[in-house]
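So the chains spell out like this:
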Amino acid sequence: MKKIKLLLVDDEENFVSALAERLQLRDFRPKVALNGEEGLDALEKETPDVIVLDLRMPGIDGMEVLRRVKKSHPQVQVIILTGHGTEQDREEASRIGAYEYHRKPVDIDDLVFSIKNAYRKKLEDVMVAATFAEAGDFSSADDHMLNEGLKDKVGK
Amino acid sequence: MFKKILSHHLRDIQGGMDDSMSPERYKVLRTKLVGLMAVVAALPLLVMAIINYHQTQTALNREVQNPLRAMLGKTKTSLELFLAERTSAVSFIVNAYPFQELSDEKALNRIFRVMKQEFEGFVDLGLIDSSGTQVSYAGPYNLKGKNYSEQAWFNQVRIKGKYISDVFLGFRMFPHVVIAVQHMSDSGESWILRVTLDTRQFDKLIAAMSLEPDSDAFILNREGVLQTPSNYYGKVLEKLPIDMPPATYESTVRPLVDPAGRDLFMSYIFSSDSDFVIMAMKPRASFTQTWYTVRSDLAFIFLSGLVLIFLVAYKITDLLLKRMSDSEMQREMAFKQMEHTQKLSSIGRLAAGLAHEVNNPLAIINEKTGLMRDLIRLKAEFPDRDKFLGLTDAVTKAVERCRGITHRMLGFAKRMEVKIEILDVNEIITETLEFLNKEASYRNVDIRLNLGDNLPHIASDRGQLQQVFLNIVNNALAAVADGGFISMTTWEKDLDTVGVSIQDNGCGMSEATLGHIFEPFFTTKKGQGTGLGLSITYGIIKRLGGELTVQSKVSQGTTFTMFLPKKPPEGAM
């Protein structure tokens, strides 16, 4: 099975390096970004499957990163992992499209479970998008035929 | 000065509102207010009473003095008339009869008899020639041949032609008055007719005044010698022991204290025709008898008015102060409530900040330990593997516990999002108890449900209510001994409120504990609880617009009673 590509965005290096190592041991392919800008750069270089994102960071904060990710790469799933999160943050994140919301410290098994689910969701989304793309072709074809038909009727 | 005093005392009334008032100060304030109101209200009454007193007294005095004046005037007229009549009679005789006839004793006796018939009071009658010798005499004494030329009255009558004496004893040794009239004939001869009058006639005039027994009336001459006997001031011809007032021909009344100390009205009038003065003394006491009855009426009205004013002032003040202390108490309670809420929210913010700050290092510990554990497990031949795994497990568990605490702290700080839906309280209770039934049955604790039928549904937050019930029942479970009971009752308290009570027969709480149980971080479960449970519960119920009260007795049990509104308060959404 292909390794799930992860991007860990967190300004706490001690934390994020240990987490990356642990996830690597669990057969993921994590990359680390220590702030928002780095995270967005990494996103452009190589698109991950799932992003694990801290909210409070210097520079571009997590919420902004989430917003940009969802805009440019809607299929990439984002799991929020924060020590500061309030209820409002949770709501806003889920409104913007975060897949899940965890509070630090998190149990590694819970996180792994969430990552796997998020990956599944990503695959589903990709598939649905592909299906819709085909359906879109059909619908434009339908429109075309409809238009032709109308033209015929009007022409007469 | 007055203003200063007033402001000094009013300071209590104005400034007293700033700090909470002790009952002592209310007492002082009450006394001052009642005093002030009573004085302000009673002052006009007092002034009115004083004015009334003076007016009445003046009117009464006038009323009492006027008859006295009139009587004196009348008596004076009578006296003057009496003397004038007799003088003119004598004058008539001396002019109508020639000297020869009058010097005849027989004729004189006849004239004297007629006079006595016509006029009362004549004692004797005598004719005196110009040399002062009594020529003839008619009367009870033998005074013929007596010479008067040396006597003062004789000279006076020779000059003035007429003479009326004061009362004197004379040869006759009883009080009498002499009237002498001189006749001058055309030929230049002169003679004098002299009559003596009995002063009992004066006594009759005085008696005609018919005064009360404690009054006194008498006739004096201008030197103050009594001409008639007085009840209190001596006999005839004695000097009056009171200084004579200045002469006046009008009836005059003046107050006087006599040598015996009696409080009197002295009234007097001087006769213009003679040297006589008529005087009457009337005690003030008898005078003012009428006044006393009037005054007692006045005093009664004044006093009852005063009592009424005082009562009303007292009542009003009482009412006012009661209102004041009530609102004071309400204010204090509201203030305490506010303080409590303030405390809760600031502690909540603090807790949230703390939880957040702690969470990050906690996460590092968690991950590092986790990594350590992963690495140890991966290497089969790690020395003391099990021991190290045990150690990392212990660290992970401790982190887990810390996480529990910080999450509860955040939960305490949170309780902001309330999701309102229509709920059946009975259903929520049953649902919540499912979490706890296992522990209850394991410990043989009897959970008795006494849920009201047809309990109206309420609009509230399901999760929050669940947490409330869970917290309280959890506490109850901790309090009861194995085999105890917990009973839950629901009922419709009134149209807008549903009541829920949770009772246990556990260990109960002391008064001191009861005072703190809703405070955050107050716990009796040492080392186990965060002290947030009941504080959160209390906060939730307040936010949902409800009330939470607790009754407890040590070793008898605790009852939590909450009232939940059917509709949540505005702003809870």
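Now for a quick tour of the structure. Since this is a predicted model, take the numbers as computed values, not measurements.

### Observations regarding helix α13 (residues 533–543) of chain B
Line of reasoning, step 1. Within α13 of chain B, nine of the 11 residues are buried, which leaves it mostly tucked inside the rest of the structure.
Line of reasoning, step 2. Count one or two residues on from α13 of chain B and you reach Gly545 of chain B, which has phi positive near 85°.

### Quick word on the interface of chain A and chain B
Line of reasoning, step 1. Each partner contributes residues to the interface: chain A has 15 residues there, and chain B has 19 residues.
Line of reasoning, step 2. For the side of chain A that touches chain B, the element with the most residues is helix α1 (residues 13–25) of chain A, which contributes seven residues.
Line of reasoning, step 3. Per-class residue counts for the side of chain A that touches chain B are six nonpolar, three polar and six charged.

### Let's talk about the packing of helix α11 (residues 462–479) of chain B against α13 of chain B
Residues and elements named next belong to chain B.
Line of reasoning, step 1. At a minimum axis separation of 9 Å, α11 and α13 run at an interaxial angle of 145°. At the point where α11 passes α13, the crossing takes the left-handed sense. From α11, Gln464, Gln467, Val468, Asn471, Ile472 and Asn475 reach across to α13, where they touch Gly533, Leu534, Ile536, Thr537, Ile540 and Ile541.
Line of reasoning, step 2. For the contact of α11 with α13, a count of residues per class yields six nonpolar, six polar and no charged.

### Digging into the sheet that holds strand β7 (residues 252–257) of chain B
Residues and elements named next belong to chain B.
Line of reasoning, step 1. Strand order in this open sheet of four strands is β6-β9-β8-β7, and the pairing throughout is antiparallel. Looking at the sheet topology across the chains shown, the edges are occupied by β6 (216–221) and β7. The mean angle between the axes of side-by-side strands here comes to 25°, regardless of whether they run parallel or antiparallel.
Line of reasoning, step 2. Across six bridges, the pairing between β6 and strand β9 (residues 276–283) is antiparallel. The partner of Leu220 across the bridge, within β9, is Val277.

### A word on the sheet that holds strand β1 (residues 122–129) of chain B
Residues and elements named next belong to chain B.
Line of reasoning, step 1. Read from one edge of the open sheet, five strands run β2-β1-β5-β4-β3, paired in antiparallel fashion. Of all strands in the sheet, those bounded by a partner on one side alone are β2 (134–138) and β3 (162–164). Across the sheet, the mean angle separating the axes of adjacent strands is 15° when strand polarity is ignored.
Line of reasoning, step 2. Here strand β4 (residues 176–184) runs beside strand β5 (residues 190–198); their pairing, made up of nine bridges, is antiparallel. Looking at β5, one finds that Val178 is bridged to Thr196.
Line of reasoning, step 3. Its contacts with the sheet put helix α5 (residues 152–160) on β3, β4 and β5, and the angle it makes with β3 is roughly 140°.

### Overview of the environment of Ile60 of chain A
Residues and elements named next belong to chain A.
Line of reasoning, step 1. Locating Ile60 in the fold gives a position in the loop between β3 (50–53) and α3 (62–72).
Line of reasoning, step 2. For the pair Ile60 and Leu40, spaced 20 residues apart in sequence, the C-alpha separation works out to 9.5 Å.
Line of reasoning, step 3. With residues near it in sequence (within four places) discarded, Ile60 still touches Gly36, Glu37 and Val65.

### Overview of the pairing of β3 of chain A
Residue and element names in this part refer to chain A.
Line of reasoning, step 1. Along β3, one buried face is formed by Val50 and Val52 and the opposite face, lined by Ile51 and Leu53, is buried too.
Line of reasoning, step 2. Sheet analysis places strand β1 (residues 4–9) next to β3, joined by four bridges and oriented parallel. Bridging across to β3, Leu8 finds its partner in Val52.
Line of reasoning, step 3. Both β3 and strand β4 (residues 77–82) contribute to a ladder of four bridges, which runs parallel. Paired with Ile51 across the bridge in β4 is Val78.
Line of reasoning, step 4. Note that the unit made of β3, α3 and β4 has a crossover that is right-handed.

### Description of the pairing of β4 of chain B
All names here are of chain B.
Line of reasoning, step 1. Among the nine residues that make up β4, eight are buried, leaving the element largely enclosed by the rest of the structure.
Line of reasoning, step 2. In the sheet, β3 pairs with β4 via three bridges, with the strands oriented antiparallel. Looking at β4, one finds that Tyr163 is bridged to Ala180.
Line of reasoning, step 3. Taking the residues between adjacent antiparallel strands as the criterion, β4 and β5 are bridged by five residues, where Gly188 takes a positive phi near 95°.

What counts as what
- Residues numbered from 1 in each chain as written.
- Chains lettered and ligands numbered in written order.
- Predicted model: local features only at pLDDT ≥ 70, side-chain atom pairs only at ≥ 80, totals over all residues.
- Buried ≥ 20, exposed ≤ 12 C-beta atoms within 10 Å, placed from the backbone.
- Helix = DSSP H or I, 4+ residues; strand = E, 2+ residues; numbered from the N terminus.
- Contact = placed C-beta atoms within 7 Å.
- Nonpolar A, V, L, I, M, F, W, Y, C, P; charged D, E, K, R; others polar.
- Axes fitted to C-alpha atoms, helices over the stretch in contact; angles between N-to-C directions.
- Left-handed = near helix turned anticlockwise from the far one by under 90°.
- Pairing = 2+ DSSP bridges.
- Right-handed = clockwise from strand over helix to strand, strands pointing away.

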